[in-house]
Amino acid sequence: MIVSWNSTNQCNMYCAHCYRGAGEKGDQELSTTEAKALLEEIARAHFKIMIFSGGEPLLRSDIFDLVAHARDLGLRPVFGTNGTLITKEVAQELVKAGALGMGISLDSLDKSSHDSFRRCEGAWDGAVAGMEQCRSAGLRFQIHTTVMGWNDHEIESMTDFAVERGAVAHHIFFLVPTGRASGIEEQSLRAQEYEGLLERILEKQKATEIELKPTCAPQFMRIAKQKGLEMRFSRGCLAGISYCIIGPNGDLQPCAYLDLPIGNVRETPFSELWKNSPVLKKLRTQEYSGGCGHCMYKGICGGCRARAAVYHGGDYMAEEPWCLYQGVQQSSGSLG
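Remember, predicted model here, so these are calculated numbers, not experimental data.

Quick notes on the rules
Residues numbered from 1 in each chain as written. Predicted model: local features only at pLDDT ≥ 70, side-chain atom pairs only at ≥ 80, totals over all residues. Heavy atoms only, no water. Helix = DSSP H or I, 4+ residues; strand = E, 2+ residues; numbered from the N terminus. Rg over C-alpha atoms; globule rule 2.2 N^0.38 Å. Buried < 20%, exposed > 50% of the residue type's maximum accessible area, 1.4 Å probe, protein only. Contact = heavy atoms within 4.5 Å. Lys, Arg positive; Asp, Glu negative; His and termini not counted. Charge placed at Lys NZ, Arg CZ, Asp CG, Glu CD. Pairing = 2+ DSSP bridges. Right-handed = clockwise from strand over helix to strand, strands pointing away. Salt bridge = Lys/Arg side-chain N within 4 Å of Asp/Glu carboxyl O. 1 Å grid on protein atoms, 1.4 Å probe; cavity = no way out; pocket = protein on both sides within 12 Å on 5 of 7 lines; lining within 4 Å. Points joined across faces, edges and corners; volume = space filled by probe spheres on them. Nonpolar A, V, L, I, M, F, W, Y, C, P; charged D, E, K, R; others polar. Axes fitted to C-alpha atoms, helices over the stretch in contact; angles between N-to-C directions. Parallel < 35°, antiparallel > 145°, perpendicular 65-115°, else oblique. Left-handed = near helix turned anticlockwise from the far one by under 90°.

### Focus: the overall build of the chain
Across its full length, the chain carries 13 helices and 9 strands. In summary, the chain has a C-alpha radius of gyration of 19 Å against a globular reference of 20 Å for 336 residues, a match within 12%. Dimensions of the chain, computed from C-alpha atoms along their principal axes, come out at roughly 60 × 45 × 35 Å. The 336 residues of the chain split such that 56% are buried. Put simply, 68% of the contacts in the chain that link residues at least 6 apart link residues at least 24 apart. Here the chain contributes 35 positive and 40 negative side-chain charges, whose respective centroids are spaced 6 Å apart.

What follows is the structure, given as C-alpha cells:
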C-alpha cells in the first residue's frame, strides 16, 4: 500500500513534463497541523509506504518534522525529488528524521539535455551531487527517469550509471501527457516503441544487480511473465487499488496522472475516502472495456488507467491506447 503526497506545489524547476504544473507555492496548501493529521489518517488506513513529493518537497520548511512524524506512525518515509537541494546537512537531517530512501530524477546522461528538459541550468550537476550526498550519509537512493522518444536509447546506459553511482534501483517512467506534459504529447512512445523498450528493460534486468521498474507501463508484468522472469511486484497499474495521491491542497486522486479529484482530506478523512469513493470502487472491479477488458493479463497488468482517460475522453476504464498486445489479440482472435 503506497500513498504519495504532493506536499507543495513550490519548485525550483519548471519541468516540461510536470503533471502538477509545479512552480509557485499554492494558496491552499496543507499546514503542518493538517499534514500531521493526514499522516495519521494514512496510517489508520493501513498504508505502509509514504512518498513525499511535490513540486519539490525539500522546499517545505517543516519537512523533517513531517518525516519524523510519519516514521513514528510506522510509515516508511521516502521521497520523489529533483535532488538538487540535497546538501550534506540536508542528507544528514533526512537520515536523522527517519527517511528511508530518495528517488532522484535524472532524464539523460547528457547534461544539456537534462537541464533543458528540467528548464533549469545546473539541474544535472545538482542531481548527481545530491546522489553523492545521499551515499555519503548512508541514505539509500534510486534514479527516476522519464522516458520519451528523444531519450529512450539511453535507458540501458542510465541503468549502468545508476549502478556506478550506488543507486539501489532505476525506475523508468513512461510519459503520460497530463499537466504541462500535454504540451509534449508527441514525444510519448507509441505501441511499437513502448513494447520494445519494455522488452529491453526486462532483458537488462537479467544482467544488472539493481531493481529496474517501468512505471506507468503496466504491461511490463505481462512481458515478465512471458519471459519467465520473477518480479517482486504483483500488479502493474495500482491506481485506486493499492496506490493513490494527495495534492498540495488536500485533493485526493487515484494516481498522479489521472486528474480526477474524488474528494478533499480537509472535508472528509482520508481513510473514509479511500474506503468509500465510488471512483476507487469502480477501479477495483477491474471491469475494463476494449482490449483491456478481455485480456488474460488484466489481473497483473490492468493497463494504464491514466493514459486510458487521456486518450478516451476521460474514460479511465477504457483500454490502454499504446498496448501492442491488444493488436496481437485482435488480429489472432486468441488470448494467448
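### Section: the pairing of strand S1 (residues 2-6)
Two faces belong to every sheet, and in a regular strand the side chains alternate between them. Buried residues dominate S1, accounting for 4 of its 5 residues. In this sheet, strand S2 (residues 49-53) lies alongside S1 in parallel orientation, the contact comprising 5 bridges. Its bridge partner being in S2, Ser4 is matched across the sheet by Ile51. Taking the sense of rotation as the criterion, the β-α-β connection linking S1, helix H1 (residues 32-44) and S2 turns out right-handed.

### Examining the pattern of salt bridges
Evaluated as defined, the whole model comprises 18 salt bridges. Of the charged contacts, one joins Glu156 and Arg200 as a salt bridge, the two residues approaching to 2.8 Å between their closest N and O atoms. Here the residue Glu156 occupies a position in helix H6 (residues 155-165), and Arg200 occupies one in helix H7 (residues 191-207), the gap between them amounting to 44 residues. Residue Glu156 is classed as partly exposed on the basis of its relative accessible area, which comes to 22%. We note a salt bridge from Glu211 to Arg232, for which the minimum N-O separation is 2.4 Å. With Glu211 in strand S7 (residues 211-215) and Arg232 in the loop between helix H8 (220-227) and strand S8 (243-246), this residue pair connects regions lying 21 residues apart in the sequence. Residue class for Arg232 comes out exposed when judged on its relative accessible area of 64%. Put simply, Glu199, Glu203, Lys206 and Lys227 are held in one network by salt bridges that share partners.

### Focus on empty space enclosed by the protein
By the definition in use, this model includes 2 cavities of 30 Å³ or more. One number sums up the size of the largest cavity: a volume of about 100 Å³. Looking at the lining of the largest cavity, its residues break down into 5 nonpolar, 5 polar and 3 charged. Here the second largest cavity defines a volume of roughly 40 Å³. In this structure, the second largest cavity is lined by Val147, Phe174, Leu175, Ser188, Leu189, Tyr194, Arg307 and Trp322.

### A few points about the packing of H1 against helix H2 (residues 63-72)
At a minimum axis distance of 10 Å, the contact between H1 and H2 shows a crossing angle of 25 degrees. One finds that H1 runs roughly parallel with respect to H2. Here H1 and H2 pass one another in a crossing that is right-handed. Residues Thr32, Ala35, Lys36, Leu39 and Glu40 of H1 lie in contact with H2, whose contacting residues are Asp65, Leu66, His69 and Ala70. In terms of residue class, the contact of H1 with H2 is made up of 4 nonpolar, 2 polar and 3 charged.

### As for unusual backbone geometry
In this structure, the amide linkage connecting Gly54 to the following residue, Gly55, adopts the cis form with an omega of 10 degrees. Unlike most non-glycine residues, Arg119 shows phi in positive territory, near 50 degrees. Backbone geometry places Gln286, a non-glycine residue, at a positive phi of 60 degrees. Along the chain, the position of Gln286 falls in the loop between helix H10 (278-285) and helix H11 (290-294).

These figures come from the coordinates and say nothing about function on their own.
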